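Coordinate analysis (summary)
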Amino acid sequence: MKLKLIVLLIVVATVCLGAPPATTTAEPFEIRLSPGNSVYRVTLNEEQRLYDCVIHNIAVINRSAAALQLQRVEFQFVRKGEVVQTRVIPAADLETRAQRVFTLRESGALNEAEKEYRLRELFRDAQLSRSARLEPNQGILIRLQYFQFAGEVETIRIVAVGKGEAGSELQSGTEIGVVNFQSKTKFSFPLKGTWYVSNATQPSGTHRWGIGQEFAYDLVRVNGEGVSGQGDENKPESFYAYGQEVLAAADGTVFETRDGLDDTPMAQFAADEATMMKRLAEYQKKLRQEYGARGTEGNYVIIDHGNSEYSVMVHLKKSSIRVKKGDHVKRGQVVAQVGQSGLSTEPHLHFEVVSDPDPFKQRGLPVYFYGLEDADGPKFLNAGDFARRAGQ
């Protein structure tokens with residue numbers, strides 16, 4: 001049985017912190033960001049000091065008393081007060097983005113994706129525009145800006161540039177910090193044995209584009225030859241991950257659990273990639289309609305480790321959860337078993353750490369594991385890595 005890429009928790013990238021304070025009323029544009037006032041960078045190449053980051057949602061709102069034509073949005077990378085790199089979204093691209101988001105919203109397609117788009121938060125007192133021409137109190141949403149940059153960058157300055165009806169150029173800006181985040185909790189790997197990281201933070205995967213799961217891991221159990229199971233690929237029991245014990249990654253208190261969801265039938269996803277993705281999107285919608293914003297997660301356990309750090313373990317096996325809300329757990333304690341519930345194409349553990357248990361307020365946090373075999377210290381895993389707890 002060949003190892004398959006696990007389709008992430010969410011197919012159509014679909015959590016959020018409060019928007020930063022509004023710019024002053026004297027500014028022609030207000031720029032709001034969700035989540036938060038910072039982005040968390042990921043190291044792509046330590047020797048070359050190459051990093052990347054994602055800004056998930058940017059709202060640009062006309063706060064003047066007259067219509068404005070948004071002409072461009074600039075991203076200026078600042079190091080020690082100097083701009084070292086710039087990227088621009090031109091007028092034509094802004095127009096396309098405005099029309100796309102407006103059409104999706106009007107069609108109702110974003111109703112199931114509010115935790116990713118954050119329209120209710122970002123446009124709580126403004127209207128979404130169908131174009132880059134913004135009437136007073138109208139704005140557009142710019143999503144999923146991915147950046148690579150070399151060297152230390154402290155902030156990214158976002159500048160909205162437009163023109164008024166008199167033809168004069170107007171602009172407003174805000175800044176977002178670039179942070180090398182390190183959790184206060186020292187997390188241990190939550191599984192025994194050898195596991196393959198099939199999906200992580202790489203931009204070619206799916207996790208990076210979701211706010212809560214930006215730094216999540218999909219973990220697949222493999223044997224010495226790197227395969228994930230044998231036998232009938234439509235049966236969860238054929239996969240080595242199925243039924244494996246899931247461990248608490250650190251001491252904490254159980255915040256919430258959900259149990260009782262059956263394994264997701266795997267045969268429905270046995271098709272070419274295009275058909276599989278279509279079926280996954282349909283199944284995703286069904287799960288959210290039936291079980292709410294966390295429907296795609298299936299059975300899960302959320303543990304509060306303090307300091308606004310919550311570990312989340314999902315796709316768990318039905319009736320395998322051994323803890324309940326309020327229980328105090330110790331690092332390495334068995335809390336459940338790996339399953340096939342929720343939006344999953346193969347039995348695996350989806351593990352993430354978030355800032356808040358509320359999917360509409362949280363953001364994903366980078367996770368470094370302590371105590372891994374062949375690692376001298378905490379290790380940030382990448383897709384394609386193999387991981388194993390030391391001393392096993």
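In this report, the structure presented in the accompanying data block is examined. All residue numbers refer to positions counted from 1 along the written sequence of the respective chain. Selection of residues for local features in this predicted model requires a pLDDT of at least 70, selection of side-chain atom pairs for listing and counting requires 80 or more, and totals for whole chains, interfaces and linings are taken over all residues. Working from all heavy atoms in the structure, the side-chain values ignore hydrogens and water.

1. A word on the environment of valine 335
Counting from the N terminus, the helices are the DSSP runs of H or I reaching at least four residues and the strands are the DSSP runs of E reaching at least two. Within the element layout of this structure, valine 335 appears in strand β20 (residues 334–337). Expressed as a C-alpha distance, the spacing of valine 335 and valine 42, which sit 293 residues apart in the sequence, is 30 Å.

2. Observations concerning the pattern of salt bridges
Any Lys or Arg side-chain nitrogen located within 4 Å of an Asp or Glu carboxyl oxygen qualifies as a salt bridge. Applying the stated rule across the entire model yields 22 salt bridges. We note a salt bridge from aspartate 52 to arginine 208, for which the minimum N-O separation is 3.0 Å. Placement of the pair is aspartate 52 in strand β4 (residues 50–62) and arginine 208 in the loop between β13 (195–199) and β14 (217–221), with a sequence separation of 156 residues. Given a relative accessible area of 0%, aspartate 52 falls into the buried group. Residue burial is assigned from relative accessible area. The probe radius is 1.4 Å, only protein chains are included, and a residue is buried under 20% of its type maximum, exposed over 50%, and partly exposed in between. The class for arginine 208 is buried, based on a relative accessible area of 0%. Note that aspartate 262 and lysine 318 form a salt bridge whose closest N and O atoms lie 2.7 Å from each other. In this pair, aspartate 262 sits in the loop between β16 (252–258) and α4 (273–291) while lysine 318 sits in the loop between β18 (310–316) and β19 (328–329), placing the two residues 56 residues apart along the sequence. Salt bridges sharing common partners tie together Glu30, Arg32, Arg63 and Asp125.

3. Remarks on the sheet that holds β13
If you trace the eight strands from one edge of the open sheet to the other, you get β19-β16-β17-β18-β21-β14-β13-β23, paired in antiparallel fashion. Where the open sheet ends on each side, the last strands, each with one partner, are β19 and β23 (386–387). If DSSP finds at least two bridges between two strands, the strands pair. In this structure, β13 lies alongside β14, joined through four bridges in antiparallel fashion. Bridging across to β14, tryptophan 195 finds its partner in arginine 221.

4. Topic: the side chain of aspartate 218
In this fold, aspartate 218 is placed in strand β14. Judged by relative accessible area, aspartate 218 falls into the buried class, the value being 0%. Each polar contact in these results corresponds to two N or O atoms within 3.5 Å; when the atoms are within protein, one needs to be able to donate a hydrogen and the other to accept it, and residues that are neighboring in sequence are counted only if both atoms are side-chain atoms. Of note is the side chain of aspartate 218, whose polar atom sits 3.3 Å from the side chain of histidine 348. In terms of polar contacts, aspartate 218 uses its side chain to reach the side chain of histidine 350, at 3.0 Å.

5. Comments concerning helix α1 (residues 91–107)
For α1, spanning 17 residues, the distance from its first C-alpha to its last is 24 Å, which sits close to the expected 24 Å at 1.5 Å a residue. Residues Leu94, Arg97, Ala98, Val101 and Phe102 constitute the buried set of α1. All buried residues of α1 project into a common sector of 120 degrees when viewed along the axis, lining one side. Seen from the open side of α1, the exposed residues pointing more than 90 degrees away from its buried face are Ala92, Thr103, Glu106 and Ser107. Residue contacts are defined here by distance: any two heavy atoms, one from each residue, within 4.5 Å place the two residues in contact. Each element contacted by the buried residues of α1 is listed here: β5 (68–79), β6 (82–89), β7 (127–128) and β9 (138–150). Two residues or fewer past α1, glycine 108 is found with a positive phi of approximately 85 degrees. Expected helix span is given by 1.5 Å per residue-to-residue step, counting one fewer step than there are residues. Think of it as the arc spanned by the lines of direction from the helix axis to the C-beta atoms.

Shape descriptors only; they carry no functional weight alone.
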